[in-house]
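Breakdown of the fold
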Amino acid sequence: MERVAEGVWLLRGDLRKSMNVYFLEDGDGVVQFDAGTKAMRRKVRAAADQLGGLKRIVLGHAHADHRGTAPYLGAPVFCHADDVADAESDASIAPYMDLSKLPVAPVRRLYPFLLRHWDGGAVKIAGTVAEGDEVAGFRVVHFPGHAPGLIGLWRESDRVALVSDTIYLVDSARLKPLPESEASVPHPAWAWDHAQAKQSVRKLAALEPKVVGAGHAEPLRGENLRETLERAAEKY
Ligand SMILES: [Zn+2]
């Protein structure tokens, strides 16, 4: 596990260690933000136990590679109201995804298999969180677009943003890393509403974060992340 900021831990697993699960210290235990892939369930449980035990899970959104461990950890699961239906569905591919938009044929053919493999199945949602709610010292921010109920967590005191797939630090359309310190709006093939996804990246930029922990790859750090994020919102 790697320490991202005060009281914030990151466990990276599965495909090239690209799947991120965050743990936020909260009293005598931890809150888990995002749930990675099914294959990570034992490591996630061990990590949560090591940090005092899992109090609850908050999903950044309901996609297969973000809900994978949630059914296996015995903790109540929360998400934004607009992602409850997808979280509680058996489908590994969200109804609005259009994989035919992916530009590289082998990647396009691979994804249905990957999404089903990563998925842990339907998740029972215990309750919802909304913009402004407090989660382990962070505030919930709604970043709709990539998914309707996508949320991030924001802590103004040290400008740390944990944002799930609001921004990509990998090239998911080609299954390749992005150049160092680059970021992109997730590809339209995944999007519930791509125009809103771009708007949400601008909303994140305006917070002027110094650390952005996304759903995939290493956190982005720097004094000028606003510029990096605004540039990303102009692409695609
Ligand atoms: Zn996603």
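Residues numbered from 1 in each chain as written. Predicted model: local features only at pLDDT ≥ 70, side-chain atom pairs only at ≥ 80, totals over all residues. Heavy atoms only, no water.

**Quick word on the sheet that holds strand S14 (residues 211-214)**
- Reading across from one edge, S8-S9-S10-S11-S14-S15 is the order of the six strands in this open sheet, with mixed pairing throughout. Two strands close off the open sheet at either side, each with one partner strand: strand S8 (134-135) and strand S15 (220-221).
- In terms of strand pairing, S8 meets strand S9 (residues 138-142) through two bridges, oriented antiparallel. Opposite Glu 134, over in S9, you have Arg 139 as the bridge partner. (Pairing = 2+ DSSP bridges. Helix = DSSP H or I, 4+ residues; strand = E, 2+ residues; numbered from the N terminus.)

**Observations regarding the environment of Asp 119**
- Within the secondary structure, Asp 119 sits in the loop between helix H4 (105-118) and strand S7 (125-129).
- Along the backbone, Asp 119 and Ala 64 are 55 residues apart, and their C-alpha atoms lie at a distance of 4.4 Å.
- What Asp 119 contacts, discounting residues up to four positions off in sequence, is Lys 38, Ala 64, Arg 67, Gly 68, Asp 90, Ala 91 and Ser 92.
- Here Arg 67 takes part through its side chain, which lies 2.7 Å from a polar atom of the side chain of Asp 119. (Contact = heavy atoms within 4.5 Å. Polar contact = N/O pair within 3.5 Å; in protein donor to acceptor, adjacent residues only side chain to side chain.)

**As for the packing of aromatic side chains**
- Within this structure, the stated rule accounts for two aromatic pairs.
- Measuring from centroid to centroid gives 6.2 Å for Tyr 111 and Trp 118, while their planes differ by 75°, and the two rings are edge-to-face. Residue Tyr 111 shares its accessibility class with Trp 118, and that shared class is buried.
- Measuring from ring centre to ring centre gives 4.5 Å for Tyr 111 and Trp 190, while their planes differ by 70°; the resulting arrangement is edge-to-face. Here Trp 190 lies in the loop between strand S13 (176-177) and helix H5 (194-206) and Tyr 111 lies in helix H4, a separation of 79 residues in the sequence. Trp 190 matches Tyr 111 in its accessibility class, with the two residues each being buried. (Phe/Tyr/Trp six-rings, centres within 6.5 Å; stacked < 30°, edge-to-face > 60°. Buried < 20%, exposed > 50% of the residue type's maximum accessible area, 1.4 Å probe, protein only.)

**Points about the packing of H5 against helix H6 (residues 225-234)**
- One can describe the packing of H5 onto H6 by two numbers: an axis separation of 8 Å at closest approach and a directional angle of 170°. Between H5 and H6, the angle is such that the two are roughly antiparallel. Only Arg 226, Leu 229, Glu 230, Ala 233 and Glu 234 of H6 make contact with H5, whose side of the interface consists of Lys 198, Val 201, Arg 202, Leu 204, Ala 205 and Ala 206.
- Here the contact of H5 with H6 is composed, by residue class, of six nonpolar, no polar and five charged. (Axes fitted to C-alpha atoms, helices over the stretch in contact; angles between N-to-C directions. Parallel < 35°, antiparallel > 145°, perpendicular 65-115°, else oblique. Nonpolar A, V, L, I, M, F, W, Y, C, P; charged D, E, K, R; others polar.)

**Describing helix H1 (residues 41-50)**
- Along H1, the residues classified as buried are Val 44, Ala 47 and Ala 48. All buried residues of H1 fall inside an arc of 95° around its axis, so they share one side. Facing away from the buried side of H1 by more than 90 degrees, the exposed set consists of Arg 42, Asp 49 and Gln 50.
- At the C-terminal side of H1, Gly 52 shows a positive phi close to 110°. (Arc of directions from axis to C-beta.)

**Here's the deal with the layout of surface pockets**
- Size it by volume and the largest pocket reaches roughly 330 Å³.
- Along the wall of the largest pocket there are 25 residues; nearest its centre are Leu 15, Ser 18, Val 170, Leu 175 and His 216.
- With three residues, the top contributor of residues to the lining of the largest pocket is H4.
- Partitioning the lining of the largest pocket into residue classes produces twelve nonpolar, five polar and eight charged.
- In terms of lining residues, the second largest pocket is bounded by 14 residues, among which Glu 180, Ser 181, Glu 218, Pro 219 and Leu 220 are the most central.
- Secondary structure elements with two or more residues in the lining of the second largest pocket: S15 and H6.
- Residues of the lining of the second largest pocket, tallied by class, amount to eight nonpolar, two polar and four charged. (1 Å grid on protein atoms, 1.4 Å probe; cavity = no way out; pocket = protein on both sides within 12 Å on 5 of 7 lines; lining within 4 Å. Points joined across faces, edges and corners; volume = space filled by probe spheres on them.)

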